[in-house]
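# Breakdown of the fold
The primary structure of each chain is shown beneath.
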Amino acid sequence: MCDLDHTHDHDHADLLAGNAPDLSRRQVMALLGAAGAGGATVPGLAADPAHAAATTPHAAVPEGYQPGTGLAKDSSAKDTALDWIDGHERQITALNDEIWEHAELSLREWHSSIAEAEFLRRNGFHVEWGAAGFPTAFVATASHGNGKPVIGFSGEYDALPGLSQKRGVGVHDPLEYVDDPFAPSYGPGHGCGHCALGSAAAGAAVAVSTALRQGGLDGTVKFYGSTAEEQLIGKAYAVAQGVYDGLDAMIDWHPGMGNSTSWGTNSALTAVTFTFLGVSGHGGTPLGNKSALDGVIMLATMTEFLREENIAPSGRLHYVINNGGDAPNVTPEIAEISYYVREGSPARVKALLDKVVACAQGAATASQTTMRYRITAACWNRLPSRSAAELLHENMVQIGPPVFTDDDQKLAKQIQGSLGLPEVGQATTISDLRAPERMFLGGGSTDVADISWQVPTVSLGTAVSPIGCKSHNWAVAASASAPMGHSALLMASRYLAATALDLITQPERLAELKEEFAERTKGVQWKTSLPKNFEPPMYEPPTWFLRQTRQSWPPANITWPPRRVVSQEKFSSLGPELAPQT
């Protein structure tokens, strides 16, 4: 899971009193909503069934909400699992560090996925590769007794481009620097902490399986190695292919800047790439050339004009130019721009996406280029589980927060100082579990959301990185493989394992999750937001990877090789030749 905030680094009272970093307009609006000021919803969201199901609690939340207590129970199974994690801390953190070192990008996590799968295989799991056709996706299963219930854990392991950073270094200092005289850049890095995410979840999965086996308990543990979360496609597509069918509950986590869980929702998303095709020519003699980059720039400019009157506070629209040409003296013949379109529900995403497409059509007309676009990913807003969050939160409180050393706090403050943040260090408490804000004002997205509409799902965050930092930043890469990141991911592993075992040893807890899930999903029919006949993007794996994982290429669900994108445009006509002047 990516770009999803579970953390409460400061209490609302502190923020409203001004005892925190500067707030954005959206944050202020959220705080005012929490304090009872202003309207309760963004216009249009309340009438949207998917958003209503994701934001309306199973029962009305009373004023002064306090989470339930007495839910998390001590058990010999839980003791066994926690003892296993205690005894295998080095193996879990070594897995994290290995994946951190690989820093492989989405859909190309060749070494990282094998490291994750091998950790599980060595600990008694059966591994099946190629989930939903993705070469680096797998499902690892350990079943005991009658195999019921079935509890799922999610593992991600992709890094982000341009976020290379030396471990444990508190100033921006890329581990990999690309010394190109025309386009210097940084290598990939784990700026979202997925190295920690997958490692902690794998540790929890093995700990739960160990507890079931040693205790003679019934149950199945499934671990889903997921590719390309940063592209928000791995799990959303796999859900539509039935990979996650048969689960009773999914327990998830993500590295953060605080220690918390929640039962709010997040943003639905569609990712789209626009390709403009023109005609190349010398930049010094440009007449008649058709610049694909002109189309891209026009589209970017036009979508900026959507912001005031067409993008609600719950919406987000951001983009990057993937390809703008190669040299100033060659008119770009092909150029591409990719957008993430976010809103409070799939229906609202579609409404905003249609406006972006209309802008692209106008840009193509104005630039005399040909435009085509393709959806590369799409996911729903998350369906929360209040009962699961209450159980998870109580386990977090009982187990306690991560413990950070003086050196950890020193590094955290150095990172904060480098980023212009208050030097307050690491979060050392478990945040209170609060009811969701009255107003939904958008934010991050996750392809875990599509799983949440199939089965009760809960997630948590732990303070892998310092307070005030953001995901998708070098600070996370610096922290995730440092001792403070180790401490936080090991606590996450304990929280996940303890909660899973409560669901297995207390059938009434699992029944509560299912009852709430049934109530929330009444009147809402989940349907993938991906287009009909969608083929997910993929890269051809190295031969050694296919051999080691016993896969063949290509998978049956894609066309290979992909259709080439080649411009067939003609030079632009300037009209008839001018008559010679006499």
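First things first, this report covers the structure right here in the doc. As a convention, each chain's residues are numbered from 1 in the sequence order in which they are written. With the structure being a predicted model, the display of local features is reserved for residues of pLDDT at least 70 and the display and counting of side-chain atom pairs for 80 or more, all residues being used for whole-chain, interface and lining totals. Only heavy atoms go into the side-chain values, all of them from the structure, while hydrogens and water stay out.

Only buried residues count toward a nonpolar core. Its members are Ala, Val, Leu, Ile, Met, Phe, Trp, Tyr and Cys residues joined through side-chain atoms within 4.5 Å. A 1.4 Å probe rolled over the protein chains alone gives each residue an accessible area, and that area as a share of the maximum for its type sets the label: buried under 20%, exposed over 50%, partly exposed in between. Within the largest apolar cluster, 83 residues are counted, with the highest numbers of intra-cluster contacts made by Leu120, Phe153, Val208, Phe223 and Trp253. Formed by 41 residues, the second largest nonpolar core is a distinct cluster that contains Leu107, Tyr244, Ile451 and Val455.

We now examine the packing of aromatic side chains. Any two aromatic rings considered together are summarised by their centre-to-centre distance and by the angle between their planes. In summary, the pairing rule links any two rings of Phe, Tyr or Trp, Trp by its six-membered ring, whose centres are within 6.5 Å, and it sorts them by plane angle into stacked for under 30 degrees, edge-to-face for over 60 and tilted for everything else. Taken as a whole and assessed by the stated rule, the structure comprises 17 aromatic pairs. With a centroid separation of 6.3 Å and an interplanar angle of 5°, the aromatic rings of Phe138 and Tyr157 are classed as stacked. Taken as a pair, Phe138 in strand β2 (residues 138-144) and Tyr157 in the loop between β3 (150-156) and β4 (177-178) lie far apart in primary sequence, 19 residues in all. Neither residue differs from the other here; Phe138 and Tyr157 are each classed as buried. Summarising the aromatic geometry, the rings of Trp380 and Trp453 are spaced 4.9 Å apart at their centres and angled 65° between planes, so their arrangement reads as edge-to-face. Pair noted here: Trp380 is in the loop between β12 (370-379) and α12 (386-399) and Trp453 is in the loop between α14 (448-452) and β13 (457-463), with a separation of 73 residues, a long-range link. The same class applies to Trp380 as to Trp453, namely buried. Ring-pair connections join several aromatic residues into one group, and the members of that group are Trp110, Trp129, Phe138, Tyr157, Phe223, Trp544 and Phe545. Secondary structure elements follow DSSP: runs of H or I of four or more residues count as helices, runs of E of two or more count as strands, with numbering from the N terminus.

Method remark: on a 1 Å grid restricted to protein atoms, a set of points is classed as a cavity if a 1.4 Å probe fits but cannot get out and as a pocket if it is open with protein on both sides within 12 Å along at least five of seven lines; lining residues have an atom within 4 Å of a point. Grid points are joined across faces, edges and corners, and a volume is the space filled by probe spheres set on the points. All told, the structure shown has 2 cavities of 30 Å³ or more when counted by the stated rule. In this structure, the largest cavity occupies an estimated 60 Å³ of space. If you trace the largest cavity, you find 14 residues lining it, with Ala131, Ala137, Gly225, Ala238 and Tyr244 closest to the centre. Going through the elements one at a time, β2, β6 (219-226) and α8 (234-240) are the ones with two or more residues in the lining of the largest cavity.

With that settled, the discussion passes to the sheet that holds strand β10 (residues 316-323). The sheet built from 4 strands is open, its strands ordered β10-β11-β9-β12 with antiparallel pairing. Every other strand in the sheet has two partners, leaving β10 and β12 as the edge strands with one partner each. For this sheet, the mean angle separating the axes of adjacent strands, direction not counted, is 20°. Here strand β9 (residues 268-277) runs beside strand β11 (residues 334-343); their pairing, made up of 10 bridges, is antiparallel. The partner of Ala268 across the bridge, within β11, is Glu343. A contact between two residues is defined here by any heavy atoms of the two lying within 4.5 Å. Axes here mean lines fitted to C-alpha atoms, for a helix over just the part in contact, with angles spanning 0 to 180 degrees between N-to-C directions. This element, helix α9 (residues 292-304), spans β9, β10 and β11 of the sheet and lies at about 20° to β11. Running over the sheet, helix α11 (residues 346-367) touches β9, β10, β11 and β12 and is turned about 10° from β9. Strand pairing follows a simple DSSP-based rule, namely that at least 2 bridges must link the two strands.

The next thing to look at is the side chain of Ser445. Of note, Ser445 is situated in the loop between α13 (406-418) and α14. Here Ser445 falls in the buried class, since its relative accessible area comes to 1%. Two N or O atoms form a polar contact when they lie within 3.5 Å of each other; inside protein one atom must be a possible hydrogen donor and the other a possible acceptor, and for residues adjacent in sequence the pair counts only when both atoms belong to side chains. Engagement of the side chain of Ser445 in a polar contact is seen with the backbone oxygen of Ser267, the distance being 3.0 Å. Side-chain polar atoms of Ser445 contact the side chain of Arg342, separated by 2.8 Å.

To continue, consider the environment of Arg550. Looking at where Arg550 falls in the secondary structure, it is placed in the segment after α18 (543-549). The spatial distance from the C-alpha of Arg550 to the C-alpha of Glu116 is 16 Å, given a sequence separation of 434 residues.

The next subject is the sheet that holds strand β7 (residues 249-256). Paired through their backbone hydrogen bonds, the strands of a sheet run either parallel or antiparallel. The mixed open sheet is built from 7 strands, whose spatial order is β1-β2-β6-β3-β7-β13-β8. Only two strands of the sheet have a single neighbouring strand rather than two, namely β1 (126-129) and β8 (260-261). Sheet strands touched by α12: β8 and β13. Its angle to β13, the strand with the most contacts, is close to 30°.

This brings us to unusual backbone geometry. A cis geometry characterises the amide bond from Lys148 onward to Pro149, with omega recorded as 0°. The residue Pro149 is located in the loop between β2 and β3 in this model. Note that the residue after Trp560, namely Pro561, is joined by a cis bond; omega there is -5°. Relative to the helices and strands, Pro561 resides in the segment after α18. In this structure, Ala132 takes a positive phi of about 55° despite not being glycine. With respect to the helices and strands, the residue Ala132 is situated in the loop between β1 and β2. You can call Ala132 buried: its relative accessible area is 15%. Phi at Leu232 is positive, roughly 55°, even though this residue is not glycine. With respect to the element layout, Leu232 can be found in the loop between β6 and α8. With a relative accessible area of 4%, Leu232 lands in the buried category.

The interhelical angle for the contact between helix α4 (residues 76-87) and helix α7 (residues 194-215), taken along N-to-C directions, is 135°, at an axis separation of 8 Å. In terms of orientation, α4 and α7 fall into the oblique class. The two elements α4 and α7 cross, and the hand of that crossing is right-handed. Every residue of α7 that contacts α4 at Ala77, Thr80, Ala81, Trp84 and Ile85 is listed here: Gly203, Val206, Ala207, Val208, Thr210, Ala211 and Gln214. For this classification, Asp, Glu, Lys and Arg are treated as charged, while Ala, Val, Leu, Ile, Met, Phe, Trp, Tyr, Cys and Pro are nonpolar and the rest, including Gly, are polar. Of the residues in the contact of α4 with α7, the class split is 8 nonpolar, 4 polar and no charged. Roughly parallel covers angles under 35 degrees, roughly antiparallel covers those over 145, roughly perpendicular covers 65 to 115, and oblique covers all other angles. Two helices crossing with the near one rotated counterclockwise from the far one by less than a right angle form a left-handed crossing, whereas a clockwise rotation gives a right-handed crossing.

To continue, consider the pairing of β6. For β6, the buried fraction is high: 7 of the 8 residues fall into the buried class. With 7 bridges joining them, β2 and β6 adopt antiparallel strand pairing. Looking at the pairing, Thr141 lines up with Lys222 of β6. As judged from the 7 bridges shared by β3 and β6, these two strands associate in the parallel manner. In the strand pairing of β6, Val150 is matched with Thr220.

Next up on the list: α9. What a helix should span is 1.5 Å times the count of its residues minus one. With 13 residues, α9 should reach 18 Å at 1.5 Å per residue; the first-to-last C-alpha distance of 19 Å fits that figure. Within α9 the residues assigned to the buried category are Ala292, Gly295, Val296, Leu299, Ala300 and Thr303. In a view along the axis of α9, the buried residues occupy a sector of 130°, so they form one face of it. Buried positions along α9 lie against β9, α10 (307-310), β10, β11 and α11. As used here, the arc is the angular range of directions from the helix axis to the C-beta atoms.

Moving on: the pairing of β7. Counting buried positions along β7 yields 8 of 8 residues, so the element is predominantly enclosed. Of the pairings in the sheet, the one linking β7 to β13 comprises 7 bridges and is parallel in character. The residue of β13 that forms the bridge with Met250 is Thr457.

What is shown is where atoms sit, not what they do.
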